[in-house]
Amino acid sequence: MSLSFYGENKSSSISADGVWTNLRIAPEAIHVGSRLVEDAVIVVEKGLISWFGLWEHLPPSYQSMNRHDGNQAMVTPGLIDCHTHLVYGGLRANEFSMRLSGASYEDIAQAGGGILSTVRATREASEEMLFASAEYRLKRLLNEGVCAIEIKSGYGLNIEVERRQLRVAKRLGEKYDLFVHKTFLGAHALPPEFEGRSGDYIDYVCNEMMPALAEEGLIDSVDVFCEKIAFTVAETEQVFRTAKSLKLPIRLHAEQLSDTGGAALASRYQALSADHLEYLNRESILAMKQSGTVAVLLPGAYYFLRDTNPPPIEALREAGVPMAIATDHNPGSSPVLSLLLMMNMACTLFRMTVPEVLSGVTRHAARALGMQESLGSLRVGGSADFVLWNFSDVAELAYWVGDQPTCRVVRRGQIFDEIK
């Protein structure tokens with residue numbers, strides 16, 4: 001299949017309106033069967049999907065519309081990276097070397113590294129510096145078919161820099177015409193100026209930062225790092241109560257390093273997702289099932305930290321808890337810029353199946369962002385977000401390692417090819 005290349009961003013994209021023919025649709029995209037749907041058609045009007053199905057069933061009213069020949073491309077919904085820390089200053093390659101010498105995640109954090117080292121670098125960076133570095137990283141993800149992304153704050157730990165991170169996330173969405181879910185992670189770590197006063201810091205998060213940033217329209221959801229090196233369950237619940245009072249959805253970094261009971265707490269508050277989950281227990285799994293909370297699995301962090309305790313995939317599968325997959329891109333524990341690689345790692349490290357990981361970066365990822373009605377699957381009335389792949393089989397999405405496939409992306413009803 002021959003694919004041409006257009007421009008860099010919104011200003012040079014072209015409309016996808018019209019009838020897309022000669023497509024092979026992945027079954028996970030429409031939740032039917034187990035084989036590619038051949039000779040399929042997608043009709044796009046005003047940025048939305050108005051019809052899809054087999055060519056032979058195309059209604060006459062669409063047959064005079066502009067045509068786009070898919071050249072037998074395999075089609076999936078646009079991919080969604082539902083957990084990232086994409087906006088930050090500095091790097092932490094030195095910690096990688098420390099870890100190879102035997103230092104643990106906790107050792108590095110207690111020595112002044114970890115999250116706080118990125119906080120220092122982010123506080124020193126201007127908004128333009130943060131935008132330029134995050135834009136470079138975002139382009140890599142967009143070129144692999146990502147059509148929506150979640151971006152967290154959490155490297156400012158004061159209102160000025162948290163605002164700066166969230167503004168950059170918003171600007172990225174505007175420039176590249178994609179959905180950016182902005183998550184406020186003010187409770188990510190205890191900043192040095194609040195050393196020994198975690199209660200005071202949580203009060204600052206709840207009483208000053210969160211209400212002000214929410215009023216400015218910079219928060220789509222609220223997250224907390226609930227862990228022994230971060231914040232307690234009681235402190236997490238205080239943040240949750242404030243978020244609920246502001247009518248903000250919640251998410252949680254839970255059970256990454258130990259079983260704190262955070263996932264069960266998140267479930268009680270009807271959280272969109274609980275993320276990491278290497279130490280998740282069976283009671284919390286049942287709580288997540290009852291609340292509809294998505295399990296967001298992050299194989300990049302598991303791999304990079306050389307963890308040996310994988311999330312309880314089989315128990316989650318048996319309970320019917322939806323499992324999403326994300327990059328967790330961050331400078332300390334998952335410097336990953338490939339969602340397709342995460343699909344491979346979820347298969348090889350977590351023993352997930354190809355249909356599971358494709359659903360994990362589409363419909364379940366959309367649910368983790370509360371966007372399942374418009375993103376993550378091909379549906380009439382949903383946003384025209386889909387990817388045309390030069391693959392013969394769905395398994396190739398998770399099969400290749402280190403290769404960036406040729407693809408054409410339709411994102412929010414606009415055609416995008418490779419972004420330079």
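The structure presented is a predicted model; accordingly, all values stated were derived computationally and were not measured. (Residues numbered from 1 in each chain as written. Predicted model: local features only at pLDDT ≥ 70, side-chain atom pairs only at ≥ 80, totals over all residues. Heavy atoms only, no water.)

Asker: Sorry if this is basic, but what is going on with the sheet that holds strand β7 (residues 146-152) here?
Answerer: Two pairing modes exist for strands in a sheet, parallel and antiparallel, and in both the strands are linked by backbone hydrogen bonds. If you trace the 4 strands from one edge of the open sheet to the other, you get β6-β7-β8-β9, paired in parallel fashion. Two strands lie at the open edges of the sheet, namely β6 (79-81) and β9 (221-224), each paired on one side alone. For this sheet the average axis-to-axis angle between neighbouring strands, irrespective of direction, equals 20 degrees. Two strands pair when backbone bridges link them, and β7 and strand β8 (residues 179-187) are joined in this way by 5 bridges, in the parallel orientation. The residue bridging E150 from the neighbouring strand is H181, located in β8. (Pairing = 2+ DSSP bridges. Helix = DSSP H or I, 4+ residues; strand = E, 2+ residues; numbered from the N terminus. Axes fitted to C-alpha atoms, helices over the stretch in contact; angles between N-to-C directions.)

Asker: What exactly am I supposed to notice about the side chain of S221 here?
Answerer: One can find S221 in strand β9. A distance of 2.8 Å separates a polar atom in the side chain of S221 from a polar atom in the side chain of H181. Look past the residues within four positions of S221 in its chain and what remains in contact with it is H181, K182, T183, F184, P249 and R251. (Polar contact = N/O pair within 3.5 Å; in protein donor to acceptor, adjacent residues only side chain to side chain. Contact = heavy atoms within 4.5 Å.)

Asker: Explain the nonpolar core to me, please; I cannot follow it from the model alone.
Answerer: Side chains that are nonpolar tend, in soluble globular proteins, to be buried together. F184, M210, L277, L297, M352, W389 and L397 are the most contacted members of the largest nonpolar core, which has 102 residues in total. Those residues in contact with F184 that lie beyond four places of it in its chain are S153, E162, L166, V205, M209, M210, L213, I219, S221, V222 and D223. Listed in part, the 18 residues of the second largest apolar core include L23, A40, V44 and F386. (Core = buried A, V, L, I, M, F, W, Y, C linked by side-chain atoms within 4.5 Å. Buried < 20%, exposed > 50% of the residue type's maximum accessible area, 1.4 Å probe, protein only.)

Asker: Would you mind showing me how to read the environment of Q63 here?
Answerer: As for its position among the elements, Q63 is in the loop between β4 (48-54) and β5 (67-77). Judged by its relative accessible area of 41%, Q63 is partly exposed. In this structure, the C-alpha to C-alpha distance between Q63 and V19, residues 44 residues apart in sequence, is 7.7 Å.

Asker: What is the right way to look at the pairing of strand β14 (residues 386-389) in this model?
Answerer: The two faces of the sheet receive side chains in turn, since in a regular strand these alternate between them. Here β14 shows two buried faces, one formed by F386 and L388 and the other by V387 and W389. As paired elements, β5 and β14 share 4 bridges and run antiparallel to each other. Looking at β14, one finds that V75 is bridged to L388. Summarising the sheet, β14 and strand β15 (residues 407-411) pair through 4 bridges and their orientation is antiparallel. Its bridge partner being in β15, V387 is matched across the sheet by V409.

Asker: What is the right way to read the sheet that holds strand β1 (residues 14-15) from this model?
Answerer: Taken together, the 8 strands give an open sheet; going across it, the order is β1-β16-β15-β14-β5-β2-β3-β4, and neighbouring strands pair in mixed fashion. Edge positions in the open sheet fall to β1 and β4, since each of these has one partner strand only. Direction of pairing for strand β2 (residues 18-25) relative to strand β3 (residues 37-45): antiparallel, over a ladder of 5 bridges. Each bridged residue has a counterpart across the sheet, and for W20 the counterpart in β3 is I42.

Asker: I would appreciate a short explanation of the side chain of Q165 in the present structure.
Answerer: Mapping Q165 onto the fold places it in helix α5 (residues 159-176). You can call Q165 buried: its relative accessible area is 1%. Within the structure, the side chain of Q165 is placed 3.2 Å from the backbone nitrogen of G154, a separation counted as a polar contact.

Asker: Honestly, the packing of aromatic side chains in this entry has me stumped. Any pointers?
Answerer: Each aromatic ring pair is summarised here by two numbers: the centre-to-centre distance and the angle between the ring planes. Enumeration according to the criterion identifies 11 aromatic pairs in this entry. Centroid distance W20 to F386: 5.7 Å. Interplanar angle 90 degrees. Geometry classified as edge-to-face. One end of the pair, W20, is in strand β2; the other, F386, is in strand β14, with 366 residues separating them in the sequence. By relative accessible area, which is 0% here, W20 ends up buried. Classification of F386 by relative accessible area gives buried; the value is 0%. Relative to F350, the ring of Y302 has its centre 5.2 Å away and its plane inclined at 70 degrees; by these criteria the two rings are edge-to-face. Taken together, the residues Y302 in helix α10 (residues 299-304) and F350 in helix α12 (residues 339-350) connect sequence positions 48 residues apart. There is no split in this pair, since Y302 and F350 are both buried. (Phe/Tyr/Trp six-rings, centres within 6.5 Å; stacked < 30°, edge-to-face > 60°.)

Asker: I'm lost on the pattern of salt bridges in this one. Help?
Answerer: Going through the model one piece at a time under the given rule, you end up with 18 salt bridges. Here K152 makes a salt bridge to D223, at a shortest N to O gap of 2.8 Å. Here D223 lies in strand β9 and K152 lies in strand β7, a separation of 71 residues in the sequence. The exposure classification of K152 matches that of D223, with both residues buried. Each of E150, K152, D223, R251 and D275 takes part in a single network of salt bridges with overlapping partners. (Salt bridge = Lys/Arg side-chain N within 4 Å of Asp/Glu carboxyl O.)

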